[in-house]
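If you want the building blocks of each chain, they are given just below.
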Amino acid sequence: MNLELNTFESTQETKQGEAYWDLLEAKRKLEFYLTQYEVELSAIERRKKLLLWALEIQIPLIGILILTIIVFAVFSLFGSFANLILIAVVLYLTYSSIRILVSYLRHTAKIEADNIYTLTQEQSDVNAEMGRVREAIHKIDLVLALKQTVWNPNEPEELTTARLREEAFEEQGRKCLSDISYELTFKERRADYLYGERVK
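All values derive from a computational prediction rather than experimental measurement.

A. Region of interest: the overall build of the protein chain. Along its length, the protein chain carries 5 helices and 0 strands. Counting only residues that meet the buried cut, the protein chain has 34% of its 200 residues in that class. Just so you have it, the protein chain exposes about 13400 Å², and 61% of that area is on carbon and sulfur atoms.

B. Up close: the confidence of the model for the protein chain. Considering every residue of the protein chain, the mean pLDDT works out to 81; 82% of them sit at 70 or more. Summarising per-element confidence for the protein chain, the mean pLDDT is lowest in helix H4 (residues 157-164) (64) and highest in helix H3 (residues 119-144) (91).

C. Quick look at the nonpolar core. Of all hydrophobic cores here, the largest spans 33 residues; its most connected members are Leu23, Leu30, Ile140, Phe169 and Ile180. Elements with a contribution of two residues or more to this core: helix H1 (2-74), helix H2 (79-107), H3 and helix H5 (168-179). Considering every element that reaches this core, the biggest residue donor is H1, with 13 residues. With residues up to four places along the chain from it excluded, the contact list for Ile140 reads Leu23, Ala26, Lys27, Leu30, Cys176 and Ile180. Within the second largest apolar cluster, 8 residues are counted, among which are Phe72, Leu86, Val90 and Leu93.

D. Just H2, in detail. The end-to-end C-alpha distance of H2, which contains 29 residues, comes to 43 Å, matching closely the 42 Å that a straight helix rising 1.5 Å per residue would cover. Among the residues of H2, those classed as buried are Ala82, Asn83, Leu86, Val90, Leu93, Ser96, Ser97, Ile100, Ser103, Tyr104 and His107. Of the residues one or two after H2, Ala109 is the one with positive phi, at around 65°.

E. Quick peek at the environment of Leu101. Inspection of the secondary structure assignment puts Leu101 in helix H2. C-alpha of Leu101 to C-alpha of Tyr195: the two residues are 94 residues apart in sequence and 9.0 Å apart in space.

F. Examining the environment of Leu52 more closely. Here Leu52 lies in helix H1. Note on Leu52: relative accessible area 32%, which makes it partly exposed. Along the sequence, Leu52 and Ser97 sit 45 residues apart, while their C-alpha atoms lie 10.0 Å from each other.

Rules used throughout
Residues numbered from 1 in each chain as written. Predicted model: local features only at pLDDT ≥ 70, side-chain atom pairs only at ≥ 80, totals over all residues. Heavy atoms only, no water. Helix = DSSP H or I, 4+ residues; strand = E, 2+ residues; numbered from the N terminus. Buried < 20%, exposed > 50% of the residue type's maximum accessible area, 1.4 Å probe, protein only. Areas by Shrake-Rupley, 256 points an atom, 1.4 Å probe, with all protein chains shown as cover. pLDDT = per-residue confidence, 0-100. Core = buried A, V, L, I, M, F, W, Y, C linked by side-chain atoms within 4.5 Å. Contact = heavy atoms within 4.5 Å. Expected span 1.5 Å × (residues − 1).

Below, the structure is given as structure tokens:
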């Protein structure tokens, strides 16, 4: 009879230990996801800046090429063939600049974007997911507080009562892991490609 009691106690302790390590593993995973979401936010900002950078390069280049065309035409330099080539380049750069500007305005929600997943939507989704992940980490921390062995006079009475129940930690741990199961999967959806962006 004594042996069976010891076996039960050991099993209960083992279950609590497993729940504890599962919670710690889930917390580590969520903290890693939080870092990944922060990286995604910086990638979104970088993609927006690349669009602006392309405009900042192309617009002055168009101006320089137009001046060059005018100089070539006024002084009859290099003949009309050179001017035609430069005009073709200016037209292409103008078309490209317009497309980049429209892409930037669509992805930053300045103009309506139908049927595309924009950078603004991605940023909003990532921020919402980070909020859910932070909330899940907070839930885990609350359950892990049940495992503390040192009584804190400032802790809520219901936490003290729950901590004194042997099976409480395992029950709460499993319930917490079940509640946050959605957050334990990394959500990744990239905004649709911007104009001029290379597929990697």
